[in-house]
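Residue strings, one per chain:
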Protein chains: 2
Amino acid sequence: MRPNDIADALEELVFTGEFRDGDRLDEITLAARFGVSRTPIREALQRLVVSGLAEQLPRRGVFIRQPGPVDLMEMFETMAEIEAACGRLAALRITDAALASLQQANARCLAAVTAGDADGYYRENQTFHHVIYHETGNSFLEQEALRLNRRLSPFRRVQLRWRGRMAQSMAEHETVVAALRDGDSVRAADTLRAHVAVQGEKFHQLIASLRLAAQ
Amino acid sequence: MRPNDIADALEELVFTGEFRDGDRLDEITLAARFGVSRTPIREALQRLVVSGLAEQLPRRGVFIRQPGPVDLMEMFETMAEIEAACGRLAALRITDAALASLQQANARCLAAVTAGDADGYYRENQTFHHVIYHETGNSFLEQEALRLNRRLSPFRRVQLRWRGRMAQSMAEHETVVAALRDGDSVRAADTLRAHVAVQGEKFHQLIASLRLAAQ
DNA sequence: GTCAATCACCTTGTATACAAGAAATTGCTT
DNA sequence: AAGCAATTTCTTGTATACAAGGTGATTGAC
């Protein structure tokens, strides 16, 4: 197992909640667990620290750093702004083929909603957003969007469990597609921002999901 | 010298052009240069790779990866969108004190322009933008903006050498301040995006600066 | 003379040994 | 018994030794 894979595995363990906020990631224990020496473990831990999932205190070790309510609000607000930017650029550049695939993803979303298939909805929702990132024609922005999207995915996932959220999200997707189809960059940005933003009831859902994760 | 400092020093060497695109960063040479063993060098190199300044080919080494024209265009476009987002939020939240410090920074910018002091202008221009990042009230977004700003700083710096650019940039700052003062989030976003965007003559300047750097 | 295969050397990647600092435990003092 | 200090132990940080893979050169064959 290589340091990259170890870092991915550790990320997964953070996301799934095996590691809690404040936990110290002991190098020796992890080395034993992954069957390697401390060296590749240290490299993996460094990656966690750089990506913001953990914090390093010199001569003390690295500690899991789960975002608190304020951090999450800030990250979701930033995500909303980045999605808005993606929508703005995509409205100017999206291809007909990509528009069609957006509508296909939406159709599959709808099918998942009616089937009550939360996992399926989550998957198709992801492709919907990924297509928009890609259609910015800006691979750098695309990567940044993917990075933040991935970082927030564990929290977005919990939100979908809420009654009626999937249907509402679907409707918002439709308005986004309409704006993109019309090449209306302002409307594309505004609808996407509103879609991603965490406000009103969604805020309470988010806090609730935090309490669940902290159990 | 600790890995963090070594990484900073290496970044600096990349920015100042001592390391060129495609150069391999030899662990042994660097270890000798910094008077440490390969271990802290490897940690520093990892940081460079994660931050996108270098590329790692397994069993081959890490290589400096200077952005090409396309990369730069994408990065500047992304920066423009992020600045626009910062302007949008700052317009809603900026304090009177911060507005005053923006105007002060602008005044010092003007003084630098008339004095032909490019370095002074660069410095005050940076504080101008940093204040806006901060006034988003969103420290996560602020950090992201600072990160990308820092990454692009070597390229922005060269652009200021161009005749008339400083005066034009100044005028744009004034329109930004006006929009922020009026709490007009749309205009703040639009003026900041236009200010940062690389279009028309600025595009040619950027390419020219690239050729200079590649000498 | 050129191309290919093999071999030697060099570099990266991993394990381990060593150094230095932090925490915990134990013993002493009040 | 409680608090403080010293020592011990454990962890991180760094250096070095070892393993594995890649590059390049040299030699041999066509």
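Keep in mind that this is a model prediction, so the values were computed, not measured. (Residues numbered from 1 in each chain as written. Chains lettered and ligands numbered in written order. Predicted model: local features only at pLDDT ≥ 70, side-chain atom pairs only at ≥ 80, totals over all residues. Heavy atoms only, no water.)

Neighbouring DNA strand D are 20 residues, the closest being A:Arg24, A:Arg38, B:Ser37, B:Thr39 and B:Arg60. The sugar-phosphate backbone supplies 67% of the atoms of DNA strand D found within 4 Å of the protein. Within the side chain of A:Arg24, an N or O atom sits 2.8 Å from a phosphate oxygen of DNA strand D. The separation between a base oxygen of DNA strand D and a polar side-chain atom of A:Arg59 is 2.9 Å. Those elements giving two or more residues to the surface near DNA strand D turn out to be helix H2 (27-34) and helix H3 (38-50) of chain A together with helix H3 (38-50) of chain B. Broken down by element, the surface near DNA strand D gets its largest block of residues, three residues, from H3(B). Residue classes in the surface near DNA strand D are distributed as six nonpolar, four polar and ten charged. (Near = heavy atom within 4 Å. Polar contact = N/O pair within 3.5 Å; in protein donor to acceptor, adjacent residues only side chain to side chain. Helix = DSSP H or I, 4+ residues; strand = E, 2+ residues; numbered from the N terminus. Nonpolar A, V, L, I, M, F, W, Y, C, P; charged D, E, K, R; others polar.)

A word on H3(A). Over its 13 residues, H3(A) runs 18 Å from end to end, which matches the ideal 18 Å to within 8%, given 1.5 Å per residue. Looking only at H3(A), the buried set comprises A:Pro40, A:Ile41, A:Glu43, A:Ala44, A:Leu45, A:Gln46 and A:Leu48. Of the surrounding elements, those touching the buried residues of H3(A) are helix H1 (3-15), H2, strand E1 (54-57) and strand E2 (61-64) of chain A together with H3 of chain B. (Expected span 1.5 Å × (residues − 1). Buried < 20%, exposed > 50% of the residue type's maximum accessible area, 1.4 Å probe, protein only. Contact = heavy atoms within 4.5 Å.)

Close to DNA strand C lie 19 residues; A:Ser37, A:Thr39, A:Arg60, B:Arg24 and B:Arg38 are nearest. Across the atoms of DNA strand C situated within 4 Å of the protein, the share located in sugar and phosphate is 65%. Here a base oxygen of DNA strand C and a side-chain polar atom of B:Arg59 are 2.9 Å apart. Looking at the surface near DNA strand C, the elements that each hand over two or more residues are H3 of chain A together with H3 of chain B. At three residues, H3(A) tops the list of elements feeding residues into the surface near DNA strand C. Each residue belonging to the surface near DNA strand C can be placed in one class, and the counts come to five nonpolar, four polar and ten charged.

Below, the discussion takes up the domain arrangement of chain A. Residues and elements named next belong to chain A. As assigned here, chain A comprises domain 1 (3-64) and domain 2 (69-214). Taken over C-alpha atoms, the centre of domain 1 sits 30 Å from the centre of domain 2. Here domain 1 packs against domain 2, burying approximately 450 Å² in sum over the two surfaces, 44% of which is carbon and sulfur. Put simply, domain 1 and domain 2 have one salt bridge between them. For the interface between domain 1 and domain 2, the tally reads two residue pairs in polar contact (both at pLDDT 80 or more). Tallied by class, residues from the side of domain 1 that touches domain 2 come to two nonpolar, two polar and two charged. (Domains from an automatic or database assignment. Buried area = accessible area lost by both parts, 1.4 Å probe. Salt bridge = Lys/Arg side-chain N within 4 Å of Asp/Glu carboxyl O.)

This part covers the relation of the copies chain A and chain B. If you rotate chain A by 180° and push it 0.1 Å along the axis, it lands on chain B with an RMSD of 0.1 Å. Both copies are brought into coincidence by an operation consistent with a two-fold rotation axis. Same-surface contact between copies: 100% of interface residues of chain A are shared with the interface of chain B. (Least-squares fit on C-alpha atoms with pLDDT ≥ 70 in both.)

Time to look at the pattern of salt bridges. All names here are of chain A. For the structure on display, the rule yields 34 salt bridges over all chains. As a salt-bridge pair, Glu-11 and Arg-150 come within 2.7 Å of each other at their nearest N and O atoms. Note that Glu-11 is positioned in helix H1 and Arg-150 in helix H7 (residues 139-159), a separation of 139 residues in sequence. Taking relative accessible area as the criterion, Glu-11 reaches 11% and is therefore assigned buried. Residue Arg-150 is classed as partly exposed on the basis of its relative accessible area, which comes to 42%. The closest approach of N and O atoms between Arg-187 and Asp-184, which form a salt bridge, is 3.1 Å. Residue classification places Asp-184 among the partly exposed positions, given a relative accessible area of 29%.

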